[in-house]
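Each chain is listed here by its residues.
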Number of protein chains: 2
Amino acid sequence: LRTGGVRFATLGLAAWLCCFSLEPAQGGKVLVLPVDGSHWLSMKILVKELIRRGHEILVLVPDTSLLIKESENYRTEIYKVPYTKDELDGIFKELKDGVFLEPSTIFDISVDVQRLVTFTTMQVRGCESLLNNQPLMTKLRDKGFEVVLSDPFLPCGPILAQQFSIPAVYFLHALPCEMDTKANQCPTPPSYVPAGFSGNTDTMNFPQRVKNLLMSFLQSYMCTIMYHKFDELVIGHIEDIKSYKELLSHGAFWLLRSDFTFDWPKPVMPNTAFIGGINCAKKAPLPADLEMFVNDSGDDGFIVFTLGSMVPSMPEDRAKEFFDAFRQIPQKVLWRYTGTPPADLPKNVKLMKWLPQNDLLAHPKAKLFITHGGTHGIYEGICNGVPMLMFPLFGDQGDNVHRMMARGVAKRLSVYDVTSETLLAAIKEMIQDKSYKEKILKLSQINQDRPVEPVELAAFWTEFVMRHKGAAHLRVAAHELNWIQYHSLDVFGFLIFIVLTVLWVSLKCCIFCTRKCLRRETAKKKNE
Amino acid sequence: LRTGGVRFATLGLAAWLCCFSLEPAQGGKVLVLPVDGSHWLSMKILVKELIRRGHEILVLVPDTSLLIKESENYRTEIYKVPYTKDELDGIFKELKDGVFLEPSTIFDISVDVQRLVTFTTMQVRGCESLLNNQPLMTKLRDKGFEVVLSDPFLPCGPILAQQFSIPAVYFLHALPCEMDTKANQCPTPPSYVPAGFSGNTDTMNFPQRVKNLLMSFLQSYMCTIMYHKFDELVIGHIEDIKSYKELLSHGAFWLLRSDFTFDWPKPVMPNTAFIGGINCAKKAPLPADLEMFVNDSGDDGFIVFTLGSMVPSMPEDRAKEFFDAFRQIPQKVLWRYTGTPPADLPKNVKLMKWLPQNDLLAHPKAKLFITHGGTHGIYEGICNGVPMLMFPLFGDQGDNVHRMMARGVAKRLSVYDVTSETLLAAIKEMIQDKSYKEKILKLSQINQDRPVEPVELAAFWTEFVMRHKGAAHLRVAAHELNWIQYHSLDVFGFLIFIVLTVLWVSLKCCIFCTRKCLRRETAKKKNE
């Protein structure tokens with residue numbers, strides 16, 4: 001299977017016939033529509049694996065792309081979008097600056113939603129220009145792709161798949177406002193599945209369950225705002241499909257960058273596979289200078305610090321707090337930082353424009369990971385068993401951090417109001433209190449103990465969808481039901497109606513009989 | 001992983017520490033409590049694999065056992081039960097005779113339930129005598145088992161696991177009245193998950209959904225009857241646990257002999273793995289005489305016929321119909337039949353006391369499988385891509401057959417009223433109409449196309465439970481909620497109360513204000 005063929009032990013002629021008709025696994029044609037940034041970095045791992053297995057890959061890239069580059073391994077097709085790189089950078093800058101300018105409040109959700117809508121509206125315009133690019137669309141259609149691999153965070157992939165009548169494989173962590181579970185009809189009882197932004201774990205008391213239910217209502221409302229532009233795009237380009245949610249429901253398979261060392265246990269659907277940690281399987285040795293720097297740290301070890309690709313620097317006054325704290329610790333610090341270094345840069349701190357995060361965390365001397373709580377970083381922390389000091393910035397990062405804290409493997413601070421004192425105290429506590437290390441090691445063991453490696457599992461299911469032209473046998477019939485039917489409300493209504501009718505008729509009969517008896521008795525008495 | 005060790009690519013010192021503390025995978029101690037009959041035949045495959053991986057196995061066997069024999073490979077411990085083999089055989093005989101004596105009706109369910117209760121009541125007595133066998137229990141407790149592998153169709157395994165505080169791995173197809181999904185908190189919306197005995201598929205119209213909901217209520221009622229004795233046993237032997245369902249909910253992992261080529265797609269829980277087809281992976285060459293017999297069949301091929309281990313013979317008049325039909329077909333027939341052969345046994349029919357069913361079905365000349373619709377046989381039909389002519393007898397077999405018919409790979413007849421004509425017509429149709437073969441081949445391809453072989457997956461998860469002393473990270477928090485909390489009814493009630501209170505207060509305020517205004521106006525008018 002791993003080389004793409006179908007293994008049938010000794011099934012004889014019948015099975016030989018099957019294999020014969022199942023050819024396309026090796027040398028299949030895959031159309032890839034990634035989402036830029038860290039999303040692409042982990043999808044690229046699957047893309048590389050598919051190439052290794054002999055498939056032909058075409059990656060569609062907007063001409064404003066940040067991280068998706070042309071490559072020798074796969075072909076790219078660059079399409080024009082109606083916004084410039086500067087406009088895109090502007091949005092990211094606003095996002096980045098925001099986290100240092102405002103304190104974290106309950107209204108963060110609406111700010112997050114607004115930022116997301118601004119970003120996705122721009123991306124929708126990009127997608128529209130691709131869909132209206134008739135020469136390119138005709139060229140793509142004629143290529144005979146067997147599967148579309150896409151990140152449904154943006155709508156272009158699912159739309160193309162539907163337009164070309166090709167099965168879609170989705171590659172994602174999760175979608176905003178839980179659209180993924182909604183579209184895939186996955187039950188998420190609000191009594192024990194914590195809603196986004198609720199701050200709940202899977203064990204809730206009554207007030208927490210009230211909050212959770214309210215937050216899940218809020219999520220549904222947020223969906224209507226967030227996916228409004230997506231819905232318009234879908235309606236404009238695909239007949240018979242009325243919303244993005246409905247379009248997503250046609251996805252053949254969902255590759256979820258998650259698992260139950262990160263997420264709380266909850267029901268799952270048959271057409272999903274968990275590939276959390278796909279981004280931290282491969283480790284390379286450190287470059288010589290880095291290896292020397294970290295080895296120099298002796299028993300105290302070192303700290304890896306990054307706030308992700310979106311926030312590579314910070315205002316000077318904020319940075320000062322970090323430098324001041326780092327100056328007072330015996331650990332070395334590797335910090336991904338593009339800001340201007342201070343004149344009195346502490347000797348134990350090394351600033352880098354980019355750092356091999358996973359390779360560093362895999363080093364036995366790595367003591368602590370200071371991170372913003374993106375899912376990629378978190379999984380690198382889990383895989384490598386390194387406790388995390390977390391500075392959530394926006395989006396799902398607050399929830400991610402909360403998950404890790406609830407497991408006792410992380411602490412949370414805020415970039416807005418952190419001081420060198422609070423930072424120092426947190427670093428000291430996390431390094432001295434051995435329970436953080438013990439718990440993350442246990443989590444790491446569980447995460448690494450799996451029957452199939454995530455990248456193999458992801459490639460298997462992508463090939464499965466190619467071989468069988470989808471995965472229809474895993475699609476639940478719930479997709480054909482409306483909300484009332486799904487919850488059997490019509491059936492309950494009907495049964496209640498029947499019961500009430502029977503009761504009413506029985507009552508009427510009783511009254512009728514009683515009256516008749518009474519009348520007869522009265523007549524009898526009169527006669528007497 | 002496959003040899004039981006934990007694989008950590010290059011995780012450095014931290015990971016080495018993990019491995020160090022994770023030792024017990026190889027050479028673990030497994031206590032096995034099987035259920036007799038075909039249930040044991042597939043569990044034995046996992047037991048053998050665990051032995052191959054170096055684990056020490058002890059199988060607990062009642063002294064009335066039918067199929068569970070002592071073996072060189074694993075140790076057995078035989079315990080006394082307070083009923084004789086004749087009593088047990090008597091129950092099976094009644095079961096067997098019943099299917100030929102009565103036509104199939106809607107009341108079959110209650111007959112099935114009654115038979116099941118009679119059987120399980122006897123087994124509960126057996127289990128009780130094991131639990132009260134203090135010397136044996138002490139001996140077992142002292143052995144230091146790391147996991148209990150059991151079939152929860154009978155209650156002894158789960159009870160022992162709880163008493164010894166050892167995690168339990170359940171190995172089963174499904175439990176009567178859907179107890180497995182109920183105990184494991186798996187959502188099964190009755191709007192698209194067909195209830196047992198409902199005759200529904202996953203796509204239902206309104207009347208079918210009404211029937212489905214009613215049948216799922218009936219299933220819940222059946223549960224209370226069927227598991228009454230189990231509940232008593234549990235309450236009598238385990239403190240703080242009030243029912244068999246609650247006991248089952250503590251199971252660490254569920255190995256389900258099912259998958260979505262057999263079952264309809266539906267939500268699944270994280271602590272389950274699908275190992276449907278575990279019984280048909282290994283094929284051996286046929287014995288020389290059988291190989292000659294089936295090869296002799298030429299292009300017409302041969303038919304495999306068995307009604308399972310419980311019904312190895314049938315009344316003469318019934319058997320005659322089969323012999324008469326077989327006489328008229330060009331195919332050879334291999335029939336597992338222990339009854340007296342008729343004087344005029346057709347030349348194309350070979351009667352056997354036991355036959356290598358899976359090896360026969362794997363033969364390229366196998367054209368048709370006549371079966372009662374047990375899950376083992378069905379999976380052998382699916383794996384090997386052989387269409388099935390089915391005679392459901394009792395229990396879940398009606399539902400199993402229905403699943404296969406809905407997929408277009410099977411036809412159904414009844415042993416009670418089959419005639420040589422109807423049988424002949426069915427055989428001819430199924431061999432001549434190529435759609436049966438095409439559809440079962442497609443189903444077979446899907447079934448065989450999996451990332452991990454069922455036996456490896458089953459062994460992996462059993463070892464996982466040993467390594468991590470359970471699988472707590474896969475246990476949903478729903479287990480801690482009661483029915484009202486799970487469905488958030490208390491939260492809804494509270495929110496409705498709040499809304500109504502607010503409305504009521506607002507209304508009162510309005511009324512109060514309106515009255516005040518009116519009074520003022522009246523007073524004003526009066527003054528005027």
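Predicted model only: the values in this text are computed from it and were never measured.

### Some remarks on the interface of chain B and chain A
Then comes step 1: Counting residues at the interface gives 73 residues for chain B and 73 residues for chain A.
Then comes step 2: Contact between chain B and chain A buries roughly 6000 Å² in total, counting both sides, with carbon and sulfur atoms accounting for 67%.
Then comes step 3: Looking at the side of chain B facing chain A, the largest losses of area belong to Gln-445, Asp-449 and Pro-451 of chain B, adding up to 11% of the total buried there.
Then comes step 4: Here chain B is connected to chain A by 4 salt bridges.

### Section: the relation of the copies chain B and chain A
Then comes step 1: Rotating chain B by 180 degrees about the axis while translating it 0.1 Å along that axis superimposes it on chain A, leaving an RMSD of 0.2 Å. Taken together, the turn and the small shift mark the pair as related by a two-fold rotation axis. Proximity to the rotation axis, assessed at the C-alpha, singles out Val-268 of chain B in chain B; its C-alpha lies 2.7 Å from the axis.

### Quick word on the pairing of strand β9 (residues 332-336) of chain B
Residues and elements named next belong to chain B.
Then comes step 1: For β9, a buried count of 5 out of 5 residues is recorded, marking the element as mostly surrounded by other parts of the structure.
Then comes step 2: The alternating pattern of β9 places Lys-332, Leu-334 and Arg-336 on one face and Val-333 and Trp-335 on the opposite face, and all of these are buried.
Then comes step 3: Strand direction decides the pairing type here: strand β8 (residues 302-306) and β9, joined by 4 bridges, are parallel. Directly across from Ile-303, in β9, lies its bridge partner Val-333.

### Some thoughts on the sheet that holds strand β13 (residues 410-412) of chain B
Residue and element names in this part refer to chain B.
Then comes step 1: The strand order β10-β9-β8-β11-β12-β13 describes an open sheet built from 6 strands, whose pairing is parallel. A single partner strand is all that each edge strand has here, and the edge strands are β10 (349-352) and β13. Across the sheet, the axes of successive neighbouring strands diverge by a mean angle of 15 degrees, strand direction being ignored.

### A closer look at a nonpolar patch on the surface
Then comes step 1: Together, Leu-214 and Phe-217 of chain A together with Trp-483, Ile-484, Leu-489, Phe-492, Ile-496, Val-499, Leu-500 and Leu-503 of chain B line one region of the surface with nonpolar side chains, adding up to about 990 Å² of accessible area.
Then comes step 2: Elements supplying a minimum of two residues to the nonpolar patch: α8 (206-226) of chain A together with α19 (483-486) and α20 (489-527) of chain B.
Then comes step 3: Among the elements that line the nonpolar patch, the one with the most residues is α20 of chain B, at 6 residues.
Then comes step 4: Position of Leu-503 of chain B among the secondary structure elements: in helix α20.

### Thoughts on the confidence of the model for chain A
Residues and elements named next belong to chain A.
Then comes step 1: Residues with a pLDDT of 70 or more make up 94% of chain A, whose mean pLDDT is 91.
Then comes step 2: Segment residues 1-24 is flagged for pLDDT under 50; beyond a separation of four residues in sequence, or across chains, it makes 55 contacts in the model.
Then comes step 3: Interface confidence in the predicted complex, given as ipTM, is 0.91; pTM for the same model is 0.92.

### What to know about the pairing of strand β8 (residues 302-306) of chain A
Residues and elements named next belong to chain A.
Then comes step 1: Among the 5 residues in β8, 5 count as buried, and that is most of the element.
Then comes step 2: Every second residue of β8 is oriented toward a common face, with Phe-302, Val-304 and Thr-306 on one face and Ile-303 and Phe-305 on the other, all of them buried.
Then comes step 3: Where the polypeptide runs from β8 across helix α12 (residues 316-327) and back to strand β9 (residues 332-336), its parallel neighbour, the crossover connection is right-handed.
Then comes step 4: Summarising the sheet, β8 and strand β11 (residues 366-371) pair through 5 bridges and their orientation is parallel. For Val-304, the partnering residue across the bridge sits in β11 and is Phe-369.

### Things to note about the packing of aromatic side chains
Then comes step 1: In total, this model carries 52 aromatic pairs over all chains according to the counting rule given.
Then comes step 2: With 5.8 Å between their ring centres and 20 degrees between their planes, Tyr-227 of chain A and Tyr-244 of chain A make a pair best called stacked. With a gap of 17 residues between them, Tyr-227 of chain A in the loop between α8 and α9 (228-237) and Tyr-244 of chain A in helix α10 (residues 244-248) connect regions that are remote in the sequence. The pair formed by Tyr-227 of chain A and Tyr-244 of chain A is uniform in burial state, with each residue classed as buried.
Then comes step 3: Grouped by ring-pair contacts, the aromatic residues Phe-305, Phe-322, Phe-323, Phe-326, Trp-335, Tyr-337 and Phe-391 of chain A constitute a single cluster.
Then comes step 4: A cation sits over an aromatic face here: Lys-332 of chain B above Phe-293 of chain B, 4.7 Å from the ring centre.
Then comes step 5: Above the plane of the ring of Phe-293 of chain B lies Lys-350 of chain B, whose end atom (NZ or CZ) is 5.7 Å from the centre.

### A closer look at the environment of Val-193 of chain A
All names here are of chain A.
Then comes step 1: Following the sequence through the fold, Val-193 ends up in the loop between α7 (179-183) and α8.
Then comes step 2: A relative accessible area of 10% means that Val-193 is categorised as buried.
Then comes step 3: When the C-alpha positions of Val-193 and Lys-320 are compared, they lie 40 Å apart, and in sequence the two are 127 residues distant.
Then comes step 4: Discounting chain neighbours no more than four positions away, the residues touching Val-193 are Thr-188, Met-204, Asn-212 and Lys-266.

### A short note on the side chain of Gln-448 of chain B
Residue and element names in this part refer to chain B.
Then comes step 1: Its location among the elements puts Gln-448 in helix α17 (residues 434-448).
Then comes step 2: Residue Gln-448 is classed as buried on the basis of its relative accessible area of 8%.
Then comes step 3: Engagement of the side chain of Gln-448 in a polar contact is seen with the side chain of Asn-447, the distance being 3.0 Å.

### Topic: helix α16 (residues 420-432) of chain B
All names here are of chain B.
Then comes step 1: Between its first and last C-alpha, α16 extends 18 Å over 13 residues, near the 18 Å set by a 1.5 Å rise per residue.
Then comes step 2: Within the span of α16, buried status applies to Ser-420, Leu-423, Leu-424, Ala-426, Ile-427, Met-430 and Ile-431. Projection of α16 onto a plane perpendicular to its axis shows the buried side chains occupying an angular sector of 165 degrees, all on one side. Facing away from the buried surface of α16 by more than 90 degrees, the exposed residues are Glu-421 and Gln-432.
Then comes step 3: Where α16 is buried, its residues contact β8, α12 (316-327), β11 (366-371), β12 (388-390), β13 and α17.

### Some details on the state of the cysteines
Residues and elements named next belong to chain B.
Then comes step 1: Scanning the entire structure with this criterion turns up 6 disulfides over all chains.
Then comes step 2: Shown here is the disulfide that connects Cys-127 with Cys-156, its sulfur atoms set 2.1 Å apart. With the S-S dihedral at roughly 110 degrees, the linkage between Cys-127 and Cys-156 falls on the right-handed side. Of this pair, Cys-127 sits in helix α4 (residues 108-131) while Cys-156 sits in helix α6 (residues 156-164), placing them 29 residues apart in sequence.

### Let's talk about the packing of α8 of chain A against α20 of chain B
Then comes step 1: Between α8 of chain A and α20 of chain B, whose axes approach to 10 Å, the crossing angle comes to 75 degrees. In this view, α8 of chain A runs roughly perpendicular relative to α20 of chain B, as classed from their interaxial angle. Across the interface between the two elements, Phe-206, Arg-209, Val-210, Leu-213, Leu-214 and Phe-217 of chain A of α8 of chain A pack against Asp-490, Val-491, Phe-492, Phe-494 and Leu-495 of chain B of α20 of chain B.
Then comes step 2: Class assignment of the residues belonging to the contact of α8 of chain A with α20 of chain B gives a composition of 9 nonpolar, no polar and 2 charged.

### Re the side chain of Arg-115 of chain A
Residue and element names in this part refer to chain A.
Then comes step 1: Within the secondary structure, Arg-115 is located in helix α4 (residues 108-131).
Then comes step 2: Overall, the relative accessible area of 19% leaves Arg-115 in the buried class.
Then comes step 3: With sequence-adjacent residues up to four places away left out, Arg-115 is seen in contact with Leu-95, Gly-98 and Glu-102.

### Points about the domain arrangement of chain A
Then comes step 1: Looking at the assigned domains, one finds that chain A contains domain 1 (24-82 + 127-278 + 453-477), domain 2 (288-448) and domain 3 (481-511).
Then comes step 2: Each of domain 2 of chain A and domain 3 of chain A has a C-alpha centre, and these two points are 61 Å apart.

Calculation notes
Residues numbered from 1 in each chain as written. Chains lettered and ligands numbered in written order. Predicted model: local features only at pLDDT ≥ 70, side-chain atom pairs only at ≥ 80, totals over all residues. Heavy atoms only, no water. Contact = heavy atoms within 4.5 Å. Buried area = accessible area lost by both parts, 1.4 Å probe. Salt bridge = Lys/Arg side-chain N within 4 Å of Asp/Glu carboxyl O. Least-squares fit on C-alpha atoms with pLDDT ≥ 70 in both. Buried < 20%, exposed > 50% of the residue type's maximum accessible area, 1.4 Å probe, protein only. Helix = DSSP H or I, 4+ residues; strand = E, 2+ residues; numbered from the N terminus. Pairing = 2+ DSSP bridges. Axes fitted to C-alpha atoms, helices over the stretch in contact; angles between N-to-C directions. Patch = residues over 30% accessible without salt bridge, like charges linked within 9 Å, V, L, I, M, F, W, Y side chains within 5 Å. Areas by Shrake-Rupley, 256 points an atom, 1.4 Å probe, with all protein chains shown as cover. pLDDT = per-residue confidence, 0-100. Right-handed = clockwise from strand over helix to strand, strands pointing away. Phe/Tyr/Trp six-rings, centres within 6.5 Å; stacked < 30°, edge-to-face > 60°. Lys NZ or Arg CZ within 6 Å of the ring centre and 35° of its normal. Polar contact = N/O pair within 3.5 Å; in protein donor to acceptor, adjacent residues only side chain to side chain. Expected span 1.5 Å × (residues − 1). Arc of directions from axis to C-beta. Disulfide = S-S within 2.5 Å. Parallel < 35°, antiparallel > 145°, perpendicular 65-115°, else oblique. Nonpolar A, V, L, I, M, F, W, Y, C, P; charged D, E, K, R; others polar. Domains from an automatic or database assignment.

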